[in-house]
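Examination of the molecular architecture
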Amino acid sequence: MKRILVTGAVGQIGSELTVALRQRYGDSAVVASDVKLPSDPALRDSGPFEFIDCLNPHHITRAMQMHRIDTIFHLAALLSAVGETRPLQAWQLNVDGVVNMLEAGRQYGCALFFPSSIGAFGPETPRKKTPQVTIQRPTTMYGVTKVVGELLCDDYHRRFGMDTRGLRFPGLISYKTDPGGGTTDYAVDIYRQAIAHKQYTCYLRADSRLPMMYMPDAIRAMIELMEAEPGKLKHRNAYNLGAIDFTPAELADSIRAHIPDFRIDYAVDPRRQSIADSWPETLDDSAAREEWRWSPRYSLAAMTEDMLRQLL
Ligand code: SER
C-alpha cells in the first residue's frame, strides 16, 4: 500500500481509518474522498481530499489517475435501517458503487478492501458461532447488497486476479463520528445519553444479543488484513470478524459500573428489532484468526471505560 484512496472517508469508519492510514503511510499518500467535505480538522487538514460520488465513474478514474492510487478502501455505503426505507438507493450506492470501484481498480491494477457485515446473514443462518461459510439469505436490502459485494469481490479475484480482500464487521462502536442509520447504532447513542441524561431509551429488546466491536480493533483489522501475506489468505473476502457480543441490558450494566444511577428503558422499534433478530448473536472468526492472525483487544468493560473517558 503506497498510494491509498478511501471512499466514504467522512463516515463512521472512514474518518478514523483515513487518519490511521495517514499516520502509518504518510499524510500525502492517503486521499480521502466523499460527497461531503470533512469538518473534523484532524481529517480535513491532514492530507488530500477529492469529491468522489462512487456512482460517477469519471470522478473515480480522475482521482485514481491524478493520485496514482494502488489501494482502495471502499467504505461509501448506506447502512441497514436507512437501507430498508430507501432500498433502491441502497442497491445503487452499495452495489453499483462497488462495481464502479472494482472496475476502476481492475483497470488501474489496485488492491481493494470491501466492508461486508453481519447483515450479510439472515434468519436461516445459525445464530450462534455463525460459521465462515454458511447459509446467507438476508432479509434486508442492506444484507442483499453486502452478499452481492462479497461475491463480486470473489469474482474479480477469480476472473482478473485482482487483490480484493474484505471483512464482515459486527456492529461498530466509536466516539469520533456517529454512525448513520444502522441497527446496531444504539450501542453508540447509549454512551452519549448516559453522560448527558443518565437515561437511554433503547429501540431493541433488553435481551437482543449482537456481535459488536470497538473501532480501534476494526481499524487495526482492516490494516492487518490488507498487509497480510497474500499466500496465506484462503477465504480472502468477507472474513467473519469477532470481538465482543452483548445485549442492551449487559451494555447498560457495564455503563452502570461507572455511572451507578444510569437507567435504561425500552421502546422497541419493530423494524429494527426484526433486523436484529435476523442477524447472528456471535461469530466464528477462526478463519481470520488462522489465516492472518486476527485477535481482538477490547473487552466490553475496556471499551466502556474508554468510551466514557473519551466522551466526558
Ligand atoms: N452496523 C451495521 C448496521 O447496523 C451492520 O453492519 O447497519
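To keep things clear, this report deals only with the structure shown in the data block. Computed from a predicted model, the values in this text were never measured in an experiment.

1. A few points about the packing of aromatic side chains
Aromatic ring pairs are described here by two measures, namely the spacing of the ring centres and the angle between the planes. Counted according to the given criterion, the structure contains seven aromatic pairs. Note on Tyr239 and Trp292: the rings are 5.8 Å apart at their centroids and 75° apart in plane angle, and the pair reads as edge-to-face. Of this pair, Tyr239 sits in strand E10 (residues 239–240) while Trp292 sits in helix H11 (residues 286–292), placing them 53 residues apart in sequence. The burial state of Tyr239 is the same as that of Trp292; both residues are buried. Three or more aromatic residues joined by ring pairs make a cluster, and in this case those are Phe73, Phe113 and Phe169. Stacked on the ring of Phe160, the Lys or Arg Arg106 has its end atom at 4.8 Å from the ring centre. Arg272 extends its terminal NZ or CZ atom over the ring of Tyr203, reaching a point 3.6 Å from the ring centre.

2. Points about the site of the ligand
Around the ligand, the neighbouring residues are Leu79, Ser80, Ser117, Tyr142, Gly182, Thr183, Thr184 and Trp279. A distance of 2.6 Å is found between an oxygen atom of the ligand and a side-chain nitrogen or oxygen belonging to Ser80. At 2.9 Å, a side-chain N or O of Tyr142 approaches an oxygen atom of the ligand. Protein contact buries 93% of the 240 Å² of open area that the ligand shows by itself. More than half of the atoms of the ligand fall within 2 Å of the grid points belonging to the largest pocket. For the shell around the ligand, the per-class residue count stands at three nonpolar, five polar and no charged.

3. Re the sheet that holds E10
Here we have seven strands laid out as an open sheet, ordered E3-E2-E1-E4-E5-E6-E10, and parallel in their pairing. A strand with exactly one partner marks an edge of an open sheet, and here the two such strands are strand E3 (49–51) and E10. Sheet topology note: the strand E4 (residues 71–74)/strand E5 (residues 111–117) ladder contains three bridges and is parallel. Residue pairing in the sheet places Phe73 in a bridge with Phe113 of E5. In the packing of helix H1 (residues 12–25) onto the sheet, contacts are made with strand E1 (4–7), strand E2 (30–34), E4 and strand E6 (164–169), and the angle to E2 comes to roughly 165°. Contacts from helix H8 (residues 215–227) reach E4, E5, E6 and E10, with the element oriented near 155° to E6.

4. Structural notes on the layout of surface pockets
Reported here for the largest pocket is a volume of approximately 960 Å³. Lining of the largest pocket is provided by 44 residues; of these, Leu75, Ala77, Leu78, Leu79 and Gly180 occupy positions nearest its centre. Those elements that provide at least two residues to the lining of the largest pocket are H1, E2, helix H4 (80–85), helix H5 (87–107), E5, helix H6 (141–160) and strand E7 (171–173). Its residues assigned to classes, the lining of the largest pocket comprises 21 nonpolar, 16 polar and seven charged. As a volume, the second largest pocket reaches approximately 350 Å³. Along the walls of the second largest pocket sit 20 residues, with Glu16, Ala20, Gln23, Lys176 and Ile219 positioned nearest its centre. Where the lining of the second largest pocket is concerned, the elements lending two or more residues are H1 and H8.

Rules of the game
- Residues numbered from 1 in each chain as written.
- Predicted model: local features only at pLDDT ≥ 70, side-chain atom pairs only at ≥ 80, totals over all residues.
- Heavy atoms only, no water.
- Phe/Tyr/Trp six-rings, centres within 6.5 Å; stacked < 30°, edge-to-face > 60°.
- Helix = DSSP H or I, 4+ residues; strand = E, 2+ residues; numbered from the N terminus.
- Buried < 20%, exposed > 50% of the residue type's maximum accessible area, 1.4 Å probe, protein only.
- Lys NZ or Arg CZ within 6 Å of the ring centre and 35° of its normal.
- Near = heavy atom within 4 Å.
- Polar contact = N/O pair within 3.5 Å; in protein donor to acceptor, adjacent residues only side chain to side chain.
- Areas by Shrake-Rupley, 256 points an atom, 1.4 Å probe, with all protein chains shown as cover.
- 1 Å grid on protein atoms, 1.4 Å probe; cavity = no way out; pocket = protein on both sides within 12 Å on 5 of 7 lines; lining within 4 Å.
- Sits in = over half its atoms within 2 Å of the grid points.
- Nonpolar A, V, L, I, M, F, W, Y, C, P; charged D, E, K, R; others polar.
- Pairing = 2+ DSSP bridges.
- Contact = heavy atoms within 4.5 Å.
- Axes fitted to C-alpha atoms, helices over the stretch in contact; angles between N-to-C directions.
- Points joined across faces, edges and corners; volume = space filled by probe spheres on them.

All we've got here are geometric facts, nothing functional implied.
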